[in-house]
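Listed here are the chains, written in short residue letters.
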Amino acid sequence: MIMRVMGEGQFVVGEDHLNLLNQLDSDLVTAVESGDEALFRQAYGKLLDAVKQYGTPVPLDSLEPSELILPSADATIEEVRELLMADGEGVIPGFPD
């Protein structure tokens, strides 16, 4: 799956890491629903860090469509709530355990 982190580029993340990302996504949903800015920052930071840790960067000169676009690390809790959680299911598409 190709994921774009706004302002940082694209990363190819293998299916073997999607369950971990889904767990981090679930933590993000909890943080956003709580309205706690510090908890949100921690949860979103962990999700972005995992995408970059487990993903392989796509070369900058490559034009690949992103299957998922994540806001930049400085996105607000409201931006993440509005842009990515409209359906209440988080930002990472579901993937069976």
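See the structure printed just above.
Just so we're clear, the structure is a prediction, and the values are computed from it rather than from any experiment.

Caption draft 1: Local environment of the overall build of the protein chain. Secondary structure summary: the protein chain contains three helices and four strands in total. For the protein chain, buried positions account for 37% of its 97 residues. Sequence-distant contacts, at least 24 apart, represent 71% of the contacts inside the protein chain between residues at least 6 apart. For the protein chain, the exposed area adds up to about 5,600 Å²; of that, 53% sits on carbon and sulfur atoms.

Caption draft 2: How the structure looks around the sheet that holds strand 3 (residues 56-57). Spatially, the four strands line up as an open sheet ordered 3-2-1-4, and their pairing is mixed. A strand with exactly one partner marks an edge of an open sheet, and here the two such strands are strand 3 and strand 4 (68-70). Pairing of strand 1 (residues 2-5) with strand 2 (residues 9-12) involves four bridges; the strand directions are antiparallel. Note on strand 2: the bridge partner recorded for methionine 3 is phenylalanine 11.

Caption draft 3: Structural context of the pattern of salt bridges. Going through the model one piece at a time under the given rule, you end up with three salt bridges. One salt bridge connects glutamate 37 with arginine 41, and the closest N-O pair in it is separated by 3.3 Å. Here the residue glutamate 37 and the residue arginine 41 both occupy positions in helix 2 (residues 37-54), the gap between them amounting to four residues, near one helical turn. Put simply, arginine 81 and glutamate 78 hold a salt bridge, and the shortest N to O gap is 2.3 Å. With arginine 81 and glutamate 78 both in helix 3 (residues 77-84) and three residues apart, this pair spans about one turn of that helix. Under the relative-accessibility criterion, arginine 81 is labelled partly exposed at 28%.

Parameters at a glance
Residues numbered from 1 in each chain as written. Predicted model: local features only at pLDDT ≥ 70, side-chain atom pairs only at ≥ 80, totals over all residues. Heavy atoms only, no water. Helix = DSSP H or I, 4+ residues; strand = E, 2+ residues; numbered from the N terminus. Buried < 20%, exposed > 50% of the residue type's maximum accessible area, 1.4 Å probe, protein only. Contact = heavy atoms within 4.5 Å. Areas by Shrake-Rupley, 256 points an atom, 1.4 Å probe, with all protein chains shown as cover. Pairing = 2+ DSSP bridges. Salt bridge = Lys/Arg side-chain N within 4 Å of Asp/Glu carboxyl O.

Such coordinate-based values are descriptive only and should not be taken to indicate function.
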